[in-house]
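# Report on the structure
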Amino acid sequence: MPKQKSTARSLSTAGLLAATSLVLALSGCATYDVTAPADARADAAAEGKPTDGKAPESGGAGGAARVDCAKAKCVALTFDAGPSENTDRLLDILKKEKVHATFFMLGKNHVAKRPAEVKRIDAEGHELANHTWSHQILTEIAPDEAKRELSRLQDAVRKITGKTPRLMRPPQGRTDGEVSKISKDLGLAQVLWSVTAKDYQTNDSALITKRVLEQTERDGVILLHDIYKGTVPAVPGILKELKKRGYTVVTVSQLLSPAKPEPGMVYRPE
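Note that the structure is predicted; figures quoted are calculated from it, not measured.

The next subject is the packing of helix α6 (residues 143-161) against helix α7 (residues 177-185). Axis separation between α6 and α7 bottoms out at 10 Å; the angle between their running directions is 45°. Taken together, the axis directions place α6 and α7 in an arrangement best described as oblique. Relative to α7, α6 is oriented so that their crossing is right-handed. Contacts from P143, A146, K147 and L150 in α6 reach E178, I182 and S183 in α7. Across the contact of α6 with α7, the residue classes break down as four nonpolar, one polar and two charged.

Glancing now at unusual backbone geometry. Excluding glycine, a negative phi dihedral is what most residues carry, and trans is how most peptide bonds are arranged. In this chain, G82 is followed by P83 through a cis amide linkage whose omega measures 0°. Residue placement: P83 occurs in the loop between β3 (74-80) and α3 (87-97). Note the cis peptide between S257 and P258, where omega equals 15°. One non-glycine residue, K98, adopts positive backbone phi at about 55°. Along the polypeptide, K98 turns up in the loop between α3 and β4 (102-105). For K198, which is not a glycine, the phi torsion comes out positive at approximately 50°. Of note, K198 is situated in the loop between β8 (195-196) and α8 (205-215).

Bringing helix α2 (residues 37-46) into the picture now. In terms of burial, α2 is largely enclosed, as seven of its ten residues are buried. Residues of α2 that are buried include every one of P37, A38, D39, A40, R41, D43 and A44, and no others. Those residues of α2 hidden inside the fold are in contact with β2 (33-35), α10 (252-256) and β11 (266-267). Looking one or two residues beyond α2, the residue adopting positive phi is G48, at roughly 85°.

Another point: the pattern of salt bridges. Inspection of every chain in the model, using the stated rule, returns 14 salt bridges. The salt bridge involving R158 is made with D155; its shortest N-O contact spans 2.4 Å. In this pair, R158 and D155 both sit in helix α6, three residues apart, roughly one turn of the helix. Taking the relative accessible area as the measure of exposure, R158 reaches 36% and is therefore partly exposed. Residues participating in the shared-partner salt-bridge network are D88, D92, R120 and E124.

Let us look at the environment of D219. Structurally, D219 is set in the loop between α8 and β9 (220-225). Considering only alpha carbons, one finds D219 and Y247, 28 residues apart in sequence, at a separation of 9.7 Å. For D219, the contacting residues outside a window of four places in its chain are A38, R41, C69, C74, L255 and P269.

Applying the stated criterion to the full structure yields one aromatic pair. Ring geometry for F79 against F103: centres 5.5 Å apart, planes inclined by 25°, an arrangement best described as stacked. Residue F79 is located in strand β3, and its partner F103 is located in strand β4; the two are separated by 24 residues in the primary sequence. Both residues of the pair, F79 and F103, belong to the buried class. The ring of Y247 is capped by K73, whose NZ or CZ atom sits 4.3 Å from the centre of that ring. Lying across the ring of F104, R169 places its NZ or CZ 4.2 Å from the centre.

Parameters and conventions
- Residues numbered from 1 in each chain as written.
- Predicted model: local features only at pLDDT ≥ 70, side-chain atom pairs only at ≥ 80, totals over all residues.
- Heavy atoms only, no water.
- Axes fitted to C-alpha atoms, helices over the stretch in contact; angles between N-to-C directions.
- Helix = DSSP H or I, 4+ residues; strand = E, 2+ residues; numbered from the N terminus.
- Parallel < 35°, antiparallel > 145°, perpendicular 65-115°, else oblique.
- Left-handed = near helix turned anticlockwise from the far one by under 90°.
- Contact = heavy atoms within 4.5 Å.
- Nonpolar A, V, L, I, M, F, W, Y, C, P; charged D, E, K, R; others polar.
- Buried < 20%, exposed > 50% of the residue type's maximum accessible area, 1.4 Å probe, protein only.
- Salt bridge = Lys/Arg side-chain N within 4 Å of Asp/Glu carboxyl O.
- Phe/Tyr/Trp six-rings, centres within 6.5 Å; stacked < 30°, edge-to-face > 60°.
- Lys NZ or Arg CZ within 6 Å of the ring centre and 35° of its normal.

Rendered as structure tokens:
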């Protein structure tokens, strides 16, 4: 059965059942640790760890503003599967809006072919993260192959930026005990999401915006893809409305602070 990490505040019955169901669905009865970002943050605060609210070295900490998500109404903004031909435009938008995001990048046909965009993501204070080399489902391949999928991306990003990602997102959110063990060995925490626009199904920017805003709640994690044509044009409207609703848009590591990403842990928003 899945093992829940103890938290300073109790999960609701519904939240606990949802987390348990997710783990069972993805892994049979494999054991691995799952916690919500808000719970990880509360645990660290209870232990007296100071909040710095900055992205770690792997995310260009120098460009990220300080924020305390225990006080601010935070939501993490994440982009999967890039960089792509749309990434520079996205970075222009984020820079104009003074927002930092977490980029879960693919290696093949992306990082490997667009090192300049990877350097810019880092230089402008965004968080570098791992989405595997070629988007293979990690639970469906041999452990050695899964490790290569993750380590190859790690090596590529480190070669380009001198920094090593500390976060990874398993393709399709599919993880299990073996993937968690591999992630722990590689120093990677796993990050799932609570908001998806399903932008892989549509190029309708208005619909993407609507879906994000309907699902967003405090301490959530928004999943978008900067590889699809309709996504980047939706970002200005999403950010404008989130700010209007009182949200502070942050990176994943800022959302967790003062907790540090724990290798092998699965961070799943409630």
